[in-house]
Amino acid sequence: MPPGISLSDFYYILPEIVLTAGALVLLVVDARLPRGSRALTWVTMAVLLATAVSLVPFRNTDVEVSQGLLAVDQFALFFKVVFLVAAAMTVLMSERYLQVEGASFGEYYFLILCSTLGMMIMAGSIDLISAFVGLETMAVSFYILAGFIKPNQRSNEAAVKYFLLGAFSLGILLYGMSILYGVSGTTNLRTMATVFVGHERNPLLVLAVILVVAGMEFKIAAVPFHMWAPDVYEGAPTPVTAFLSVGSKAASFAMLLRIFVEGLPSMDADWRLLFEMLAIVTMTVGNVAALTQSNLKRMLAYSSIAHAGYLLIGVVAGTPRGISAMLIYLLIYSFMQLGAFAVIVMMRRKDVVGDELKDLSGLYHRQPFAAFAMLVFMLSLGGIPPTAGFMGKLWLFGAAIDAGYVWLAVIGVLNSAVSLYYYLRIVVFMYLKKETIGSEPTLSPALTLTLGVAVAATLVLGVYPGLLFDLAEASARTLGASGVTAAIR
Amino acid sequence: MISAYIPIAIFVVVATGFAIFTLVFTSLIHPEKYNKVKLEPYECGIEPATDARDRYSIRYYLIAMLFVIFDVETVFMFPWAVIFDQLLLFGLIEMMVFIFILVVGYYYAWQKGALEWV
Amino acid sequence: MITPTHYMLLSAALFIIGVIGVMVRRNIIIIFMSIELILNAVNINLIAYSYQLQDVIGQVFAVFVIAVAAAEAAVGLGIILAFYRNKETVNIDEMNLMRW
């Protein structure tokens, strides 16, 4: 063993190793099996399950591995669970969609697994290099997934736009990172935090912070770097959109928290102000733009932009309470967002694309369960009790008030009120309109399972939110447990 | 400062002088005999079949792209090779794992017919 | 005497050329080339800093940037080709199926 590397490093990255090995097995199986074999879905689910099981030994660990490249702590664990759940639900809702579109399974599932791997690395990385490699593993997989339906021009266009803007934002982010490295002499975020104490006025450092903020804002689709999101969400295959809006967003938030809370706590005056302004415009622009949309995926894209704004409130608050509220909200958001997209996936039939608002009309009379599920998700996204979305918003805005950002919470509440208009419009179409379009939408067993899990989670977390609270609190506390961050708090 | 560039200046002068000398000297002494063989691109080797500035099939892009990916991965092997004597068996196993992952990708591309010239 | 500062100025210039290229050019391939310029600006920056700090990590970072840029180039060209096959154009103004 060369110095600095030990066998225990490999033990701590066991979940990542299992996922990588599983993805490779999937590739080989796909190459051997005949085209369109449904066994691949089961292989993928088995790989995700094995990865989830291999997370179990790391429930209470808090270590740095590979000389500080990755941290295996509860913060990472929380996000890894979110990613695996999101990936599993995406896989479940994908099968029939891919059959209808006539696309192949193998590469699709492989790319889903690869992007999950990238997200897991992003959540654990406390080093600029590993964060960047994780980000790209995720992003490159998503570029391909967005354009996966090759004959579809919308899918092509979504992929080109996502690729160009994603690569551009990566360039900006990397340029900021290179300056961070140059000023601090290290890529390790925790070391960086100690080096930067007392250098708050360095103009080069301020420039780097602005560049990194801009790069990360692209990834979480916050205004004014949100322009790609509606187009990509609309054009990409619906399950991919679901995974993109949940997994990619959660992973980018994890990386954002790692970089700013762990690596740049001494610069918080600068980035907090930036995030504060961005949170306000993001919430407002997202909600206002969503009001006039007639395409469901586009509406949910703007809604997800608005949610990025709500989540940024947690970053601005920056307290353990704010961060734990963010984690809780991210998990809740995953369930309601994935569920809403699962309904849109169900609407895709041979004769109907099913992503227009009018396609949902009369859904209650054809598929009462799906209509009820959509109702729950919409109420939750809008923040109406007794759903989980209400509890999430309550904590998030509560944390903001707690940290002294009262007016930020007020703007958040006003925005939630505005958002109810377009969420309830969907409900009106489903329940009050009579005329229906196209053939009967049907639920496959996998889709029923996805919807059931999402509805159950949204309702249970709305009624018994205490289930999550301690977990998220503990996760938020492990973030930036290093000396500098703790001192600044 | 400037003196550091003197060897370069000498080198430039010598190189230019040698080129001019060879051209002038051979043109003075060479026998003037022309034939077809002298005008060919290669005096020996494969005869060129068509013009070099020709359009080639778009299908070549797939192979070019695969080449780019696998080619650039060698960038990780150079630093590894430099300190291989310190990494020993551990380094060898690490690199084997890395190459194995590449081989799986290669196998997949092969099985899916990406390397076939259809 | 050429100091790391000169390299950083070069890198900043490349970065700005790349950003302007992305913003003003209409051809997808040229936009993509501008993005590659930005990534190369990052590499120059990293290696200049690495030399200045006498620290090898910057070069490691640059190696990863090179590898990732290659992967991105391959994927990006594939995506652009798929777009071109359907649309017969690589002009970004023709990407107008989805707006607002």
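Preceding this section is the structure that the text describes.
Presented here is a report on the structure given in the accompanying data block. Because the structure is a prediction, the values reported are computed rather than measured.

Attention shifts here to the overall build of chain B. When its secondary structure is counted, chain B shows 4 helices and 0 strands. For chain B, the N- to C-terminal ordering of α and β elements is α-α-α-α. On the principal axes, the C-alpha backbone points of chain B span a range of 60 × 55 × 25 Å. Burial analysis of chain B (118 residues in total) assigns 0% to the buried set.

Contacts between chain A and chain B engage 6 residues on the former and 9 residues on the latter. Here the side of chain A that touches chain B is composed, by residue class, of 6 nonpolar, no polar and no charged.

The next subject is the interface of chain A and chain C. Each partner contributes residues to the interface: chain A has 31 residues there, and chain C has 36 residues. Counting only elements with at least two residues in the side of chain A that touches chain C, the list comes to α6 (128–146), α7 (153–184) and α10 (228–235) of chain A. When grouped by side-chain class, the residues that make up the side of chain A that touches chain C number 15 nonpolar, 9 polar and 7 charged.

Our next topic: the packing of helix α2 (residues 14–32) of chain A against helix α4 (residues 84–111) of chain B. Following both chains from N to C, one finds α2 of chain A and α4 of chain B inclined at 20°, their axes separated by 9 Å at the closest point. As judged from the angle between their axes, α2 of chain A and α4 of chain B are roughly parallel. The element α2 of chain A and its partner α4 of chain B pack so that their crossing is left-handed. The residues of α4 of chain B that touch α2 of chain A, namely those facing Leu-24, Leu-27, Val-28 and Ala-31 of chain A, are Ile-101, Val-104, Tyr-107, Tyr-108 and Gln-111 of chain B. The class makeup of the residues in the contact of α2 of chain A with α4 of chain B is 8 nonpolar, 1 polar and no charged.

Moving on, we come to the environment of Ser-361 of chain A. All names here are of chain A. With respect to the helices, strands and loops of the structure, Ser-361 is situated in the loop between α14 (320–347) and α15 (363–366). Sequence separation between Ser-361 and Ile-210 is 151 residues, and the spatial gap between their C-alpha atoms is 45 Å. When neighbours within four sequence positions are excluded, Ser-361 is seen to be in contact with Phe-429, Lys-433, Glu-435, Thr-436 and Ile-437.

Rules used throughout
Residues numbered from 1 in each chain as written. Chains lettered and ligands numbered in written order. Predicted model: local features only at pLDDT ≥ 70, side-chain atom pairs only at ≥ 80, totals over all residues. Helix = DSSP H or I, 4+ residues; strand = E, 2+ residues; numbered from the N terminus. Buried ≥ 20, exposed ≤ 12 C-beta atoms within 10 Å, placed from the backbone. Contact = placed C-beta atoms within 7 Å. Nonpolar A, V, L, I, M, F, W, Y, C, P; charged D, E, K, R; others polar. Axes fitted to C-alpha atoms, helices over the stretch in contact; angles between N-to-C directions. Parallel < 35°, antiparallel > 145°, perpendicular 65-115°, else oblique. Left-handed = near helix turned anticlockwise from the far one by under 90°.

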